[in-house]
Amino acid sequence: MDIGKWLRLQWDRVLAWMFVAAGAIALIAGWVGVSGSAYAAGQLPYIISGGIGGIFLLGVGATLWLSADLRDEWRKLDSIEDALREERPAADEVAVG
Amino acid sequence: MAEAVAHSRLRTRYSSIDAPRQVAPARPLLWGAEDLLRWAITTGLGGIVIAVAWYIAAGEATFGQQVGPLDAALAGLLLSGVGNLVWLLHGRRALGERRRLLLPDVADATASAAAHVVVVGTPLTAASAATVADAFLAGEGMERFHRPGCALAAGRKGWTTATRQEHEEAGRRPCGVCRP
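In this text the structure is predicted, and so the values were computed from the model without any measurement. (Residues numbered from 1 in each chain as written. Chains lettered and ligands numbered in written order. Predicted model: local features only at pLDDT ≥ 70, side-chain atom pairs only at ≥ 80, totals over all residues.)

A. A look at the overall build of chain A. A tally of helices and strands in chain A yields three helices and zero strands. Order of helices (α) and strands (β) in chain A, N terminus to C terminus: α-α-α. Expressed as a percentage of the 97 residues in chain A, the buried residues total 30%. Counted over contacts in chain A with a minimum sequence separation of 6, partners at least 24 positions apart contribute 66%. (Helix = DSSP H or I, 4+ residues; strand = E, 2+ residues; numbered from the N terminus. Buried ≥ 20, exposed ≤ 12 C-beta atoms within 10 Å, placed from the backbone. Contact = placed C-beta atoms within 7 Å.)

B. Up close: the overall build of chain B. For chain B, the count of helices and strands is seven helices and four strands. When the helices and strands of chain B are listed from N to C terminus, the series reads α-α-α-α-α-α-β-β-β-α-β. Out of the 180 residues belonging to chain B, those deemed buried represent 32%. When contacts within chain B are restricted to residue pairs at least 6 apart in sequence, long-range pairs at least 24 apart make up 70% of them.

C. The packing of helix α3 (residues 33-59) of chain B against helix α4 (residues 63-102) of chain B, seen in detail. All names here are of chain B. Close contact between α3 and α4 brings their axes to 8 Å; oriented N to C, the two are set at 165°. Viewed along their axes, α3 and α4 adopt a mutual orientation that is roughly antiparallel. The handedness of the crossing between α3 and α4 is left-handed. A breakdown of the residues in the contact of α3 with α4 according to their chemical character gives 18 nonpolar, ten polar and two charged. (Axes fitted to C-alpha atoms, helices over the stretch in contact; angles between N-to-C directions. Parallel < 35°, antiparallel > 145°, perpendicular 65-115°, else oblique. Left-handed = near helix turned anticlockwise from the far one by under 90°. Nonpolar A, V, L, I, M, F, W, Y, C, P; charged D, E, K, R; others polar.)

D. Representation of helix α2 (residues 11-35) of chain A. For α2 of chain A, built from 25 residues, the straight-helix expectation of 36 Å at 1.5 Å per residue is met to within 8% by its first-to-last C-alpha distance of 36 Å. For α2 of chain A, the full list of buried residues reads Ala 16, Phe 19, Gly 23, Ala 26 and Gly 30 of chain A. (Expected span 1.5 Å × (residues − 1).)

E. How the structure looks around the confidence of the model for chain B. Residue and element names in this part refer to chain B. Residues at a pLDDT of 70 or more form 69% of chain B, whose mean pLDDT is 75. Across chain B, element-level confidence peaks in α3 with a mean pLDDT of 94 and bottoms out in helix α2 (residues 15-18) with 43. Across residues 1-22 the pLDDT falls below 50, and counting only partners more than four positions away or on other chains, this stretch makes 32 contacts in the model. pLDDT under 50 marks residues 115-130. Its contacts with residues more than four places away, or in other chains, come to 17 contacts. As scored by the predictor, the complex reaches a pTM of 0.64 and an ipTM of 0.83. (pLDDT = per-residue confidence, 0-100.)

F. Highlighting α4 of chain B. Over its 40 residues, α4 of chain B extends 58 Å from the first C-alpha to the last, a length consistent with the 58 Å expected when each residue adds 1.5 Å. Among the residues of α4 of chain B, those classed as buried are Gln 66, Pro 69, Ala 73, Gly 76, Leu 77, Leu 79, Ser 80, Gly 83, Asn 84, Trp 87 and Gly 91 of chain B.

Now the structure itself:
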């Protein structure tokens, strides 16, 4: 399959995966940073950047992924509406005539 | 009643396409510019607050001085979460409204099927009622046959039920919307 075409079609899911991957990396990096420091004052910046920042990135990724699902369903409704537009006038003409 | 409501919804929604060669109405959007702006602001602001909180906390030497930035970071995360939630809930609501507008729901479909049986004067027997799913609707001179709950069959009077084979023998094709 053409990668470029696939990326154009699935840009929202690709972006979602990038955010999720970045969030996972941030969480792991935060854990490594916290585990390497013996003092709470040294750990807290890692908790903020790695922990809270990682959760933030995961949240954005999840939102983008769910948005992609909603957009897919919206496109299906677009095609149903198109089919209705094609069918409805013909049906009305026959019903009237 | 449900059938009438569904038909009325479709009539209202598609009244513009009854007139031939009319310009098609603009396709609705799942999220508008306002929703996108709201989401971008809450998410962006949340991210900035977390980054600034991290920067300040990294510059403080004691835990007591870092608690403030930690609280701020949590507030940023909360702000972003609320923004994401509002974005998704708005999308879900818009999708549900459009789905209800375009397609009758299951309750409407069941009522519609029962109403059609009464309207066309071909009451189902107990045996045939069990196989109502095998009965499809079409009008005289129509080219397509539909499921009883199909949006295109809603409100049609004088349509008769028949099996798929009978419709196909009459030269009809399955509806492109309900795909019987």
